[in-house]
Amino acid sequence: MKRTIELIKKFNTLVGPSGYEDEVREEIKKFVLKLGIKSITESPLGSLIIKVGTGKKKVMLAGHMDEIGVLCTYIDKDGFIRFSPVGGVSKYGLIGTRVKFINGVKGIIGAESLKKPDDFVLEKLYIDIGARSTKEAEKLVPIGTFGVFDREVDVLGTRVAAKAHDDRIGCIVMMEVLEKVYKKKLPYTVYFVFTTQEEVGLRGAKVAAYDLEPDFGIALDVTATGDTLDGYKMAVKLGAGVAIKVKDSSLITHPKLKDLLVKTAEKNKIKFQLEILDRGGTDAGAIHLTKSGIPSTVLSIPTRYVHSQSEMIDLDDVKATEDLLEKLITTSDLGNLKF
Ligand code: CO
Ligand code: ZN
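What this report covers is the structure whose coordinates are included nearby. Residue positions within a chain follow its written sequence, with the count starting from 1. Both sets of labels track the order of writing: A upward for chains, 1 upward for ligands. It should be noted that, the model being predicted, local features are given only for residues of pLDDT at least 70 and side-chain atom pairs only at 80 or more, the latter also being counted only at that level, while totals for whole chains, interfaces and linings use all residues. Only hydrogens and water are set aside when side-chain values are computed; all heavy atoms of the structure are taken into account.

### Quick notes on the packing of aromatic side chains
Any pair of Phe, Tyr and Trp rings, taking the six-membered ring for Trp, is counted once the centres come within 6.5 Å. Such a pair is stacked with planes under 30 degrees apart, edge-to-face with planes over 60 apart, and tilted for the rest. Throughout the structure, instances matching the rule amount to four aromatic pairs. When the ring of Phe80 is compared with that of Tyr126, the centres are 4.6 Å apart and the planes differ by 45°; the resulting orientation is tilted. Taken together, the residues Phe80 in the loop between strand E4 (69-75) and strand E5 (81-86) and Tyr126 in strand E8 (residues 125-128) connect sequence positions 46 residues apart. Only protein chains enter the accessibility calculation, which uses a 1.4 Å probe; a residue is then buried when its area is under 20% of its type maximum, exposed when over 50%, and partly exposed in between. Judged by relative accessible area, Tyr126 falls into the buried class, the value being 17%. Considering the side-chain rings of Tyr92 and Phe120, the 6.0 Å spacing of their centres and the 25° angle between planes classify their relative orientation as stacked. Of this pair, Tyr92 sits in the loop between E5 and strand E6 (98-101) while Phe120 sits in the loop between strand E7 (106-111) and E8, and the two are 28 residues apart along the sequence. Residue classification places Tyr92 among the exposed positions, given a relative accessible area of 61%. The ring centre of Phe339 lies 5.7 Å from the NZ or CZ of Lys256, which sits over that ring. Counting from the N terminus, the helices are the DSSP runs of H or I reaching at least four residues and the strands are the DSSP runs of E reaching at least two. Note on criteria: charge over ring means Lys NZ or Arg CZ within 6 Å of the ring centre, with the direction from the centre no more than 35 degrees off the ring normal.

### Focus on the sheet that holds strand E10 (residues 154-156)
Strand pairing is assigned whenever DSSP detects at least two bridges linking the two strands. Spatial strand order, E10-E11-E18: three strands in an open sheet with antiparallel pairing. A single partner strand is all that each edge strand has here, and the edge strands are E10 and strand E18 (311-314). Between one strand and the next, the sheet's axes are offset by a mean angle of 25°, whatever the strand orientation. Alignment of strand E11 (residues 159-162) against E18, held across four bridges, turns out to be antiparallel. Of the residues in E18, the one forming a bridge with Val160 is Ile313. Structural elements are reduced to axes, namely lines fitted to C-alpha atoms, with helices fitted over the stretch in contact, and the angle between N-to-C directions of any two is expressed from 0 to 180 degrees.

### Let's talk about helix H1 (residues 2-11)
All of the buried residues in H1 are Thr4, Ile5, Leu7, Ile8 and Phe11. Down the axis of H1, the buried side of the element spans an arc of 160°, and every buried residue falls inside it. Elements that come into contact with the buried residues of H1 comprise helix H2 (22-34), E10, E11, helix H4 (165-181), E18 and helix H8 (315-330). The directions considered for the arc run from the helix axis to the C-beta atoms. Between two residues, a contact is recorded if the distance between any of their heavy atoms is within 4.5 Å.

### A few points about the coordination of the zinc ion (ligand 2)
The protein atoms that coordinate the zinc ion (ligand 2) are His64 (NE2), Asp166 (OD), Asp221 (OD) and Asp221 (OD), at distances spanning 1.9 to 2.6 Å. Here a donor is an N, O or S atom found within 2.8 Å of the metal, or within 3.2 Å if the metal is Na, K or Ca; sites may look incomplete because water is not among the atoms. A four-donor site is classed as tetrahedral when every donor-metal-donor angle falls between 85 and 135 degrees; four donors are called square planar, and six octahedral, when trans pairs exceed 155 degrees and all remaining angles lie between 65 and 115, with any other arrangement labelled irregular. Geometry at the zinc ion (ligand 2) is irregular, judged from its four donor atoms and the angles of 52 to 146° they form at the metal. Donor residues binding the zinc ion (ligand 2) come from one chain and are separated in sequence as H-x101-D-x54-D. Between the zinc ion (ligand 2) and the cobalt ion (ligand 1) the interatomic distance amounts to 3.3 Å, and Asp166 serves as a bridging ligand to the pair. Of this pair, His64 sits in strand E3 (residues 58-64) while Asp166 sits in helix H4, placing them 102 residues apart in sequence. Assessed through its relative accessible area of 7%, Asp166 is described here as buried.

### A closer look at the packing of H1 against H4
Interhelical geometry of H1 versus H4 gives an angle of 135° and a closest axis separation of 10 Å. The angle between the axes of H1 and H4 places the two elements in the oblique class. H1 and H4 meet at a crossing whose hand is right-handed. Contacts from Arg3, Thr4, Leu7, Ile8 and Phe11 in H1 reach His165, Arg168, Ile169, Ile172, Met175, Glu176 and Glu179 in H4. Three categories are distinguished: nonpolar for Ala, Val, Leu, Ile, Met, Phe, Trp, Tyr, Cys and Pro, charged for Asp, Glu, Lys and Arg, and polar for the others, with Gly belonging to the last. The residue inventory of the contact of H1 with H4, partitioned by class, reads six nonpolar, two polar and four charged. Angle categories: roughly parallel below 35 degrees, roughly antiparallel above 145, roughly perpendicular from 65 to 115, and oblique for all the rest. When the near helix sits turned anticlockwise from the far one by under a right angle, the crossing is termed left-handed; a clockwise turn instead gives a right-handed crossing.

Following this line, the structure appears as C-alpha cells:
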C-alpha cells in the first residue's frame, strides 16, 4: 500500500488535461522502461500502448491519462482570465480553487459579484494569475493554454483524497498489475493502453481500439458512490470492493462477461459490488462499439466527489481492483467465453 500511496502522490502532482497528457505519459513510460519492457508504442493521438503476452486472443486494457481542467479563452482588461471547462467540470466549489497551467503558471478562481444563486454560472468565473493588465496576463498564459486544478494529496487512514484519481488511479492499477504479470506466460496478448482525451469524449481509446482490434476490452476507471448523507441512491460504497460495471450511459456489459467477472471475484474471494451508473461513461463505451462489436466492461474504483478537486478513494478497493484484473488476464476463462 505504501507503494500505491507513493504513486498516487507522484501522479497527482502531474498536469495532464485532455490533449496535453505529456507529463503523465512520460512518467508511465519511465515506469515501464525501468521494468525492461521494450514493446512500447505511442499512437498519433498520444496513447501509450504496452504489449505483453503472446496468446491468440487479444485483451485491451484502458486507463485514461487525461484529467478535467480549464482552457484560457479570453483575457479581460485587468488581466483576469476567462476559461472554458475541459471535460465535465462542476461549477460548485470552484471559487478559491487553485489552478495550474501546463506551463507551470498558477492562479486562483474568482467570481464576479454573484447576487442570486442563478448568477452562479461558469461565465461569471475567472482565473486570477496575479497579473495587473491584459498584456502581462497574455505573456504568462496565452489564449489557448490548458490547465488543471491544483491540490495536494491527503491520506486519511485507508482513504486518499486527490485532484485526479479520475483516472490516475486507473493508470496506477494498470501499472501495478503490469509489474506483476509481465514476466508470466499469459494466455492472451494483453495491451495496456494508457489513453488520451477520455474526458472530452473517449477519443484516444476509440482510435486505439480500431488499431488493435481486441477480442475483449476492459477499462479501469473511477465510478461514483451512493454512500454519503442524503446522497444519490446508488449501490456502490467506498471500501466495499471493486465495482463491476453492469451499465452506464456508454455501455452495457455483456451478460456473459458480467457473470464471468462475478464468478471470478467470488472464486478468489475478492470483494466486489455491482455498479449501475446513471450518468457518465468510460473508455469501454468507445471500445465496445469498434468494428463488429467487442465485449467490454469496466472495473471501477469507487470514488466520492468525482470531478471535484478532492476525489476520495479507499485503498482496499484499489487492491481488490488489481486482484480481479490480475486474475482475469492470467487465467483462461475469459478466452473461453463464446460470443
Ligand atoms: Co472523469
Ligand atoms: Zn475517468
